[in-house]
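# Coordinate analysis (summary)
One letter stands for each residue in the lines below.
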Amino acid sequence: MTEDPDFPRTPLNGGFVLKTGRKGLIDLLGEWQQAGVNHAALGMQFASRPPSEIIQELAEEVLPLFPTLAGAAPSNIKW
């Protein structure tokens with residue numbers, strides 16, 4: 001994720017890496033949510049920003065838009 005929240009979604013390395021700003025990530029996650037995706041992994045190994053900055057921005061600006069949904073109740077285990 002770039003420091004510029006408006007940086008457009010830009011595929012790199014043949015599309016295996018996505019460089020984007022916060023708004024592009026929010027749009028992408030929204031599209032995935034509409035398609036039924038309920039989890040994703042984000043890699044920061046190619047980021048130029050410190051991981052702590054990216055994590056803070058994700059926590060403050062992105063994650064609140066995608067709240068955790070209640071899961072199914074666990075089944076009873078009979079030992």
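Presented here is an overview of the structure given in this document. Since the model is a prediction, treat every value here as computed from it, not as a measurement.

## Points about the overall build of the chain
The secondary structure content of the chain amounts to two helices and two strands. When the helices and strands of the chain are read in sequence order from the N terminus, they spell out β-β-α-α. Taking 12 Å as the expected radius of gyration for a compact globule of 79 residues, we find that the chain reaches 16 Å, considerably beyond that expectation. Here the chain, with 79 residues, has 20% of them falling under the buried criterion. Relative to all contacts within the chain whose residues are 6 or more apart in sequence, the contacts with residues 24 or more apart total 34%. Each charge class in the chain can be summarised by its mean position, and for the 6 positive and 9 negative side chains these summaries are 8 Å apart.

## Digging into unusual backbone geometry
For residues besides glycine, phi is generally negative; the peptide bonds are generally trans as well. One non-glycine residue, N13, adopts positive backbone phi at about 50°. The residue N13 is located in the loop between strand 1 (10-12) and strand 2 (17-19) in this model.

## Here we look at the pattern of salt bridges
For the coordinates displayed, the defined rule picks out five salt bridges. One salt bridge connects K23 with D6, and the closest N-O pair in it is separated by 3.0 Å. Here D6 lies in the segment before strand 1 and K23 lies in helix 1 (residues 22-34), a separation of 17 residues in the sequence. Where R9 meets E31, a salt bridge forms, and the shortest distance between an N and an O atom there is 3.3 Å. Remark: E31 occurs in helix 1 and R9 occurs in the segment before strand 1; sequence separation between them is 22 residues. Where salt bridges share partners, they join R22, R49, E53 and E57 into one cluster.

Definitions and cut-offs
For every chain, the first residue of the written sequence is number 1, and numbering continues from 1 along that sequence. Totals for whole chains, interfaces and linings use every residue, but because this is a predicted model, local features are given only for residues with pLDDT of at least 70 and side-chain atom pairs only at 80 or more, for both listing and counting. Note that water and hydrogens are dropped before the side-chain values are worked out from all heavy atoms of the structure. Helix and strand definitions here come from DSSP, where helices need a minimum of 4 consecutive H or I residues and strands a minimum of 2 consecutive E residues; each element is numbered from the N-terminal end. Within these notes, the globule rule equals 2.2 Å times the number of residues to the 0.38 power, and the radius of gyration is based on C-alpha atoms. Accessible area is worked out with a 1.4 Å probe on protein chains only. A residue is then buried under 20% of its type maximum, exposed over 50%, and partly exposed in between. Throughout, a contact is declared for two residues whenever any of their heavy atoms are within 4.5 Å. Counted as positive: Lys and Arg. Counted as negative: Asp and Glu, with His and the chain ends omitted from the count. Taken as the charge location is NZ of Lys, CZ of Arg, CG of Asp or CD of Glu. By definition, a salt bridge exists where a carboxyl oxygen of Asp or Glu is found within 4 Å of a side-chain nitrogen of Lys or Arg.

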